[in-house]
Amino acid sequence: MFGRKKRTANEIAAAEAAELAQQQQDNSAKLPEKKGAPTPKRRDQEAARRRPLVPSDRKAARAAQRQHIQQERVKMRRAMETGDERHLPPRDRGDQRRFARNWVDARTGIGEWMLIVVLAFLFVSLAVPEQLRLVMSQFLWIILILVIAESWWVGRSIRKRLDQKYGIQNRERGVRLYAAMRSLQIRRLRLPKPQVKRGQFPS
């Protein structure tokens, strides 16, 4: 009415068909694209991820474990020679312990000769008179006291240098003893091997 034309039944049906087609097209656009393969079921995915706690072939597992341990030992041995911290033992890792090693290796001390002096005293004491042996034993006690005093001084010096470089709050525990024990070892036998020359103190 009021001048508006009435729509015929064909026009109404055509409009409804067009609207339905538009809705189907919109719904298909919202759906995710199909993959090339069907989505696997959840139980299949869980079964694929599930691994036995005990391997079925224990002999092969032991062989693989031995090979892994051997490879780690080779890496650790190489790190002991080159100073590569990625494969060093936990007691040798860290910037502060590397700093302590380099500082101890750069100096010349009495402690590193202690073992050589003791061995020389044992061999020489078998071929000298008793009086001379007493004199040598007193000399050995003097060396021992000097070595103990030097070890204390090395630990104290390392603590001061670590405090200056890293701060008191950031100082790691055990580095003083680590440096003192390293100073008692013969330089050629130290592990990890020295990476600095004598007199080449770290900054």
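Under the annotation held in an unreviewed UniProt entry, the chain carries the name DUF3043 domain-containing protein and is attributed to Candidatus Nesterenkonia stercoripullorum.

Chemist: Which parts of the structure should I look at to understand the packing of helix H4 (residues 95-106) against helix H7 (residues 175-183)?
Modeler: Geometrically, a packed helix pair is captured by the angle between its two axes and the distance between the axes. It is the contact of H4 with H7, at a shortest axis distance of 9 Å, that shows an interaxial angle of 30 degrees. Here H7 runs roughly parallel to H4, going by the angle between their axes. The hand of the H4/H7 crossing is right-handed. Residues Gln96, Arg97, Ala100, Arg101, Val104 and Asp105 of H4 lie in contact with H7, whose contacting residues are Val175, Tyr178, Ala179, Arg182 and Ser183.

Chemist: Would you explain the packing of aromatic side chains in this entry?
Modeler: Two descriptors summarise a pair of aromatic rings, namely the distance from one centre to the other and the angle between the planes of the rings. In total, this model carries 2 aromatic pairs according to the counting rule given. Geometrically, the ring pair formed by tryptophan 103 and tryptophan 153 is tilted, given 6.0 Å between the ring centres and 45 degrees between the ring planes. With tryptophan 103 in helix H4 and tryptophan 153 in helix H6 (residues 130-166), this residue pair connects regions lying 50 residues apart in the sequence. Classification of tryptophan 103 by relative accessible area gives buried; the value is 4%. A ring pair is formed by tryptophan 103 and phenylalanine 201, whose centres lie 6.1 Å apart and whose planes are at 55 degrees; its orientation type is tilted. Within this pair, whereas tryptophan 103 is found in helix H4, its partner phenylalanine 201 is found in the segment after H7, the two being separated by 98 residues in sequence. Pairwise contacts between aromatic rings join Trp103, Trp153 and Phe201 into one cluster. Lying across the ring of tyrosine 178, arginine 97 places its NZ or CZ 5.1 Å from the centre. Across the ring face of tyrosine 166, the terminal group of lysine 165 is positioned such that the distance to the ring centre comes to 5.7 Å.

Chemist: So what exactly am I meant to see when it comes to the packing of H4 against H6 here?
Modeler: Their axes nearest at 11 Å, the elements H4 and H6 cross at an angle of 130 degrees. Between H4 and H6, the interaxial angle falls into the category oblique. Crossing geometry of H4 relative to H6 is assigned as right-handed. Contacts between H4 and H6 involve Asp95, Gln96, Phe99, Ala100, Trp103 and Val104 from the first element and Trp153, Val154, Ser157, Ile158, Arg161, Leu162, Lys165 and Tyr166 from the second. Its residues assigned to classes, the contact of H4 with H6 shows 9 nonpolar, 2 polar and 3 charged.

Chemist: Would you mind going over the UniProt feature "transmembrane region" (unreviewed entry) in the chain with me for this structure?
Modeler: In this structure's numbering, the residues bearing the UniProt feature "transmembrane region" (unreviewed entry) are residues 110-128 and 134-155. Structurally, residues 110-128 is divided into 58% helix and 0% strand, and its ends, taken at the C-alpha atoms, are 25 Å apart.

Chemist: Explain the side chain of glutamate 112 here, please?
Modeler: Residue placement: glutamate 112 occurs in the loop between H4 and helix H5 (114-124). Looking at glutamate 112, its side chain comes within polar contact range of the side chain of arginine 198, at 3.0 Å. If we ignore the near neighbours within four places in the chain, the residues touching glutamate 112 are Arg107, Ser183, Leu184, Gln185, Ile186, Arg187, Arg190 and Arg198.

Chemist: I tried to follow the side chain of glutamate 85 on my own but got confused; where do I start?
Modeler: Mapped onto the elements of the fold, glutamate 85 is located in the loop between helix H3 (58-82) and H4. Of note is the side chain of glutamate 85, whose polar atom sits 2.8 Å from the backbone nitrogen of glycine 94. Excluding residues within four positions of it along the chain, glutamate 85 makes contact with Arg93, Gly94, Arg98 and Arg101.

What counts as what
Residues numbered from 1 in each chain as written. Predicted model: local features only at pLDDT ≥ 70, side-chain atom pairs only at ≥ 80, totals over all residues. Heavy atoms only, no water. Axes fitted to C-alpha atoms, helices over the stretch in contact; angles between N-to-C directions. Helix = DSSP H or I, 4+ residues; strand = E, 2+ residues; numbered from the N terminus. Parallel < 35°, antiparallel > 145°, perpendicular 65-115°, else oblique. Left-handed = near helix turned anticlockwise from the far one by under 90°. Contact = heavy atoms within 4.5 Å. Phe/Tyr/Trp six-rings, centres within 6.5 Å; stacked < 30°, edge-to-face > 60°. Buried < 20%, exposed > 50% of the residue type's maximum accessible area, 1.4 Å probe, protein only. Lys NZ or Arg CZ within 6 Å of the ring centre and 35° of its normal. Nonpolar A, V, L, I, M, F, W, Y, C, P; charged D, E, K, R; others polar. UniProt positions renumbered as here; feature names shortened; annotations may be inferred. Polar contact = N/O pair within 3.5 Å; in protein donor to acceptor, adjacent residues only side chain to side chain.

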